[in-house]
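Chain by chain, the residues run as shown.
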Amino acid sequence: MTDADRLPSGTLVFYSKFDDFDTWKRALQAQLPHLNVVHSSAVERPEDVHYALVWKPPVGFFDAMKNLRLIINLGAGVDSLLHRTDLPAGIPITRLTDPQMARMMAGYVLFAVLRHARDIPHFEQSQREATWAYRHPRSPEDVSVTVLGLGQLGAKAAFEVQRQGFKVTGWSRKPKQIDGVHSVSGMDTLDAAIGQADILVVMLPLTPQTRQILDRTRLMKMRPGAAFINVARGELVDQQALTELLTSGHIGSATLDAFTPEPLPADDPLWRLPNVLITPHLASVALPASSAEQIAVNILRVSAGESPDHVIDPAQGY
């Protein structure tokens, strides 16, 4: 008898405006054939819902789910599930830690770092102007990259960037050890880590302590002409100050995958800045084929009365 055969009956509700329900349903039922997977729009008896797989559910989403046993966040960042009034007390919230997500994020960060290190925004502007504007490439070891945030995704990204020969500093709240990365920690080292970067990569979780951590004062500590990459959350940054510093040239260029608000309004001035690349929050997403096994394991653990893996601490925000 397999674990799937021992799984008690139960319903998993799915909610996301960005992910395909049918793909997730197939992946989950391949792992747990007895699991009833329904879209949130088709729930007839909320009291039958034991598990929720969600990304940014609306306010009141969980109100009628009186028998909920587990909430799985469809991604690594769980800020949208914190400080809500509709969460049943004591229900564990887990985040996905799929290695494929870390690989996807590292690939995006490496692309963005290389883009700025090789002055590609300069050549893109030259192409628009039909100008042959040679700029001699820099050696990677002459380019300083600072990665803010060394969780699972940040640590993987920092490691991959240093493998290309860049001089990488990683900053985190608590000490971390990553091969080839000079790691610093604590708020007393943050400004120096920002100030030494030719390329600053933001990979912090959004918590009450990190909200607006990159305000105008801290952004001004960046080296004149340095590049800025945000693959985390828009709320970490004073977006108006960032826009103004990109306009003035104090920040030379940016690759932005996170904004406040999202979607970024069509009239936002960031769209029109020639030194900014905008992507719609897709640096790393959960992949059903590789994430379903982790979700299934946690459902089996909870159904057996055990604690799930990868539970977040609401007090810390991750």
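Note that residues are indexed from 1 along each chain, following the sequence as it is written. In keeping with the model being predicted, local features are shown solely for residues with a pLDDT of at least 70 and side-chain atom pairs are shown and tallied solely at 80 or more, while totals for entire chains, interfaces and linings include all residues. Values reported for side chains reflect all heavy atoms of the structure, with hydrogen atoms and water molecules removed beforehand.

Draft legend 1. Expanded view of the packing of aromatic side chains. Within 6.5 Å between ring centres, the rings of Phe, Tyr and Trp (the latter by its six-membered ring) count as paired, and their orientation is classed by plane angle as stacked under 30 degrees, edge-to-face over 60, tilted in between. A complete count under the given rule lists 4 aromatic pairs for this structure. Taken together, a centroid distance of 5.8 Å and an interplanar angle of 75° make the contact between Tyr108 and Phe111 edge-to-face. Separated by 3 residues within a single helix, Tyr108 and Phe111 lie in helix α3 (residues 99-117), roughly one turn from each other. For every residue, the accessible area (1.4 Å probe, protein chains only) is compared with the maximum for its type, and the residue is labelled buried under 20%, exposed over 50%, or partly exposed between those bounds. Residue Phe111 is classed as partly exposed on the basis of its relative accessible area of 39%. Numbering of helices and strands starts at the N terminus; helices are DSSP runs of H or I of at least 4 residues and strands are runs of E of at least 2.

Draft legend 2. Examining the side chain of Asn275 more closely. Within the element layout of this structure, Asn275 appears in the loop between β11 (251-256) and β12 (276-278). Judged by relative accessible area, which is 15%, Asn275 ranks as buried. From its side chain, Asn275 meets the backbone oxygen of Leu246 in a polar contact 3.1 Å long. Throughout this description, a polar contact denotes any pair of N or O atoms lying within 3.5 Å of each other; where both atoms belong to protein, one of them has to be capable of donating a hydrogen while the other can accept it, and for residues adjacent in sequence the pair is counted only when both atoms sit in side chains. Within the structure, Asn275 has its side chain in polar contact with the backbone oxygen of Gly252 (distance 3.1 Å). Two residues qualify as a contact provided that any one of their heavy atoms is within 4.5 Å of a heavy atom in the partner residue. For Asn275, the residues in contact, after removing those within four places along its chain, are Leu246, Ile251, Gly252, Ser253 and Ala254.

Draft legend 3. Highlighting the packing of helix α2 (residues 21-31) against helix α9 (residues 288-303). Every axis corresponds to a line fitted to the C-alpha atoms, with the helix fit spanning only the stretch in contact, and the corresponding angles, defined between N-to-C directions, vary from 0 to 180 degrees. At their nearest, the axes of α2 and α9 sit 9 Å apart, and the two run at 50° to each other. With respect to their mutual orientation, α2 and α9 come out oblique. Crossing of α2 against α9: the hand is right-handed. Residues Thr23, Trp24, Ala27, Leu28 and Gln31 of α2 lie in contact with α9, whose contacting residues are Pro288, Ala289, Ser291, Ala292, Glu293, Ile295 and Ala296. Oblique is the label for every angle not falling under 35 degrees (roughly parallel), over 145 degrees (roughly antiparallel), or within 65 to 115 degrees (roughly perpendicular). Rotating anticlockwise by less than a right angle from the far helix to the near helix defines a left-handed crossing, while the corresponding clockwise rotation defines a right-handed one.

Draft legend 4. Focus on the confidence of the model for the chain. Along the chain, pLDDT gives the predictor's confidence residue by residue, from 0 to 100. Overall, the prediction assigns the chain a mean pLDDT of 94, with 97% of residues at 70 or greater. Contacts from residues 1-5, a stretch scored under 50 in pLDDT, to residues over four places away or in other chains number 7 contacts.

Draft legend 5. Layout of the sheet that holds strand β4 (residues 70-73). Strand order across the open sheet formed by 5 strands is β2-β1-β3-β4-β5, with parallel pairing between neighbours. Of all strands in the sheet, those with a lone pairing partner are β2 (36-39) and β5 (93-95), marking the two edges. Across the sheet, the mean angle from the axis of one strand to that of its neighbour is 25°, orientation sign disregarded. Two strands qualify as a pair provided DSSP detects at least 2 bridges between them. Of the pairings in the sheet, the one linking strand β1 (residues 11-15) to strand β3 (residues 49-54) comprises 5 bridges and is parallel in character. The partner of Thr11 across the bridge, within β3, is Val49. Here α2 sits on the sheet and contacts β1, β2 and β3; the angle it forms with β2, its principal contact strand, is near 170°.

Draft legend 6. Representation of the side chain of Gln162 within the structure. With respect to the helices and strands, Gln162 occurs in helix α5 (residues 152-163). A polar atom in the side chain of Gln162 sits 3.0 Å from the backbone oxygen of Phe159. Excluding residues that lie within four positions of it along the chain, Gln162 makes contacts with Val168, Asp179, Gly180 and Val181.

Draft legend 7. Examining the sheet that holds strand β10 (residues 226-230) more closely. Strand order in the open sheet formed by 7 strands is β8-β7-β6-β9-β10-β11-β12, with parallel pairing between adjacent strands. Looking at which strands have only one partner, the edges of the open sheet turn out to be β8 (182-185) and β12. Neighbour-to-neighbour, the strand axes of the sheet open up by a mean angle of 15°, direction not taken into account. Sheet topology places strand β6 (residues 144-148) next to strand β7 (residues 167-172); 5 bridges connect them, and they run parallel. Of the residues in β7, the one forming a bridge with Ser144 is Lys167. The strands that helix α8 (residues 239-248) touches are β10, β11 and β12; relative to β11, the one it contacts most, it runs at about 130°.

Draft legend 8. How the structure looks around the domain arrangement of the chain. The start and end points of each domain follow an automatic or database-based domain assignment. With domains assigned, the chain is organised as domain 1 (3-98 + 286-304) and domain 2 (99-278). Centre-to-centre separation of domain 1 and domain 2, based on C-alpha positions: 33 Å. Contact residues are listed per partner, giving 13 residues for domain 1 and 11 residues for domain 2. Summed over both partners, buried area is the accessible surface (1.4 Å probe) that two parts give up on being assembled. Summed over both sides, the interface of domain 1 with domain 2 buries roughly 940 Å², with 58% coming from carbon and sulfur. Contact with domain 2 buries surface across domain 1, with Asp79, Asp98 and Leu287 losing the most and accounting together for 51% of the total. What makes a salt bridge here is a side-chain nitrogen of Lys or Arg within 4 Å of a carboxyl oxygen of Asp or Glu, nothing more. At the junction of domain 1 and domain 2, the tally comes to 1 salt bridge. The partner of Arg233 in a salt bridge is Asp79, and the shortest N-O contact between them spans 2.8 Å. Taken together, domain 1 and domain 2 are joined by 5 residue pairs in polar contact (both at pLDDT 80 or more).

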